[in-house]
Amino acid sequence: MEPTKVQRSVSGSFETEGTVDLTEFSPCEGSSSLIAYCGNLRVSLGSCIFKEEDRDLPSFEYQHIRDFHLGVKVRSIAWSPSSIVDQGLQTSVQLCVAGDDNKLRLCSSDLRGTDSIQVLSGHRDFINDVCFESTEGNIIASVGDDCCCRLWGDDLSQKAEFSLQNPGMSVCFNPLEPNKLMVAEKNGKIRFYDMVTQQPFMSLETGGGTLLSADWSVCNPSRVGAVVGGEWMIWDITRSSYPQERDQAHPQMGRVFRWSRASADLFATLGGPQHEAKNFHLGHHQIPISEALPVTGSLSWHAFLPVCAVAVDTKVKLMFAEL
């Protein structure tokens, strides 16, 4: 089956103060209006409201909220599912970022002036990805070039360590599959771990090639996707350990793969040349939507809308896809 474009796409953007390297929508129901982006050694938080949420808006409305000054460049961002923004409740926002000093930082705020930054040390090389356990957020998982997956408890101490054969590139929990963790390694091996026994119980194969990013679908947890070399690959983990579908994503190396949270068939990739972002839909038979971007560092989908955010120079670009 050929990947294909969604039927219509429009875009928008908002300016940032200085160059932005990464951006991440909050995937959490209680804080889905929030977006984080990183650049100039800080993490910035903002509110992004779309017309699907407020009919009076022509498209979307962005408002900057606050900054966490870190003093290091950020390589990955993860939102805690405990984050909540509600005027009737106590607002609490928490996210974990991986810095290029091989440390994690847990950034917390009540968005009223009380902020904190706590440092987690343990990795011996670059951290490539970080995520929270998807329901309570009481576990943080991180993987890196030190060929380790580390688990951190809510007291911020390291609770477990899994040795990997190669650098860990992606790590994912899934709210529909509790007590399971997916870890993707650079050599193409994707393993699933039982969080109770802390042992691997299943693995997926790429057949070779360099894997830089993988993701586990929230809309359909039987689906895993990745970019390997210049290809995208899709697995149905209930059927085979080898990909059921694959096709060229980019002429050069693919760097990011992310599933949409609005559709089980929609995903986006990022790769070379020219830092190109592409949206694919498994249910259509046309050429994928693509856009060459001057500078970009990440992709992130909105919690429930088919909107993809991309970091581009001094702005965050929003790509709106109609399913």
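Here is a short report on the structure shown in this document. (Residues numbered from 1 in each chain as written. Predicted model: local features only at pLDDT ≥ 70, side-chain atom pairs only at ≥ 80, totals over all residues. Heavy atoms only, no water.)

**Focus: the environment of Cys148**
Here's step 1: Structurally, Cys148 can be placed in strand β12 (residues 148-152).
Here's step 2: With sequence-adjacent residues up to four places away left out, Cys148 is seen in contact with His123, Arg124, Ser142, Val143, Glu161, Phe162 and Leu164. (Helix = DSSP H or I, 4+ residues; strand = E, 2+ residues; numbered from the N terminus. Contact = heavy atoms within 4.5 Å.)

**Brief notes about the environment of Ala249**
Here's step 1: The topology assignment puts Ala249 in the loop between β21 (245-248) and β22 (254-259).
Here's step 2: A residue is classified by how much of its surface remains accessible, and Ala249, at 0% relative accessible area, is buried.
Here's step 3: A C-alpha to C-alpha distance of 4.8 Å links Ala249 and Glu231, two positions 18 residues apart in sequence.
Here's step 4: Beyond its immediate stretch of four places on either side in the chain, Ala249 contacts Gly230, Glu231, Trp232, Thr269, Lys278 and Phe280. (Buried < 20%, exposed > 50% of the residue type's maximum accessible area, 1.4 Å probe, protein only.)

**Quick notes on the sheet that holds strand β25 (residues 289-292)**
In a beta sheet, neighbouring strands are held together by backbone hydrogen bonds and run either parallel or antiparallel to one another.
Here's step 1: The strand order β22-β23-β24-β25 describes an open sheet built from four strands, whose pairing is antiparallel. Sheet topology places β22 and β25 at the edges, where each strand pairs with a single neighbour. With direction set aside, neighbouring strand axes in the sheet form an average angle of 15°.
Here's step 2: As paired elements, strand β24 (residues 276-281) and β25 share four bridges and run antiparallel to each other. Bridge assignment links Glu276 to a residue of β25, and that residue is Ala292. (Pairing = 2+ DSSP bridges. Axes fitted to C-alpha atoms, helices over the stretch in contact; angles between N-to-C directions.)

**A short note on the pattern of salt bridges**
Here's step 1: Scanning all chains against the criterion turns up 15 salt bridges.
Here's step 2: Here Arg223 and Asp265 are joined by a salt bridge, their closest N and O atoms 2.7 Å apart. One end of the pair, Arg223, is in strand β19 (residues 223-228); the other, Asp265, is in the loop between β22 and β23 (266-271), and 42 residues separate them in sequence.
Here's step 3: With relative accessibility at 18%, the residue Arg223 sits in the buried group.
Here's step 4: Classification of Asp265 by relative accessible area gives partly exposed; the value is 23%.
Here's step 5: Through salt bridges with shared partners, a single network forms among Glu17, Arg42 and Asp67. (Salt bridge = Lys/Arg side-chain N within 4 Å of Asp/Glu carboxyl O.)

Distances and angles like these do not, on their own, reveal function.
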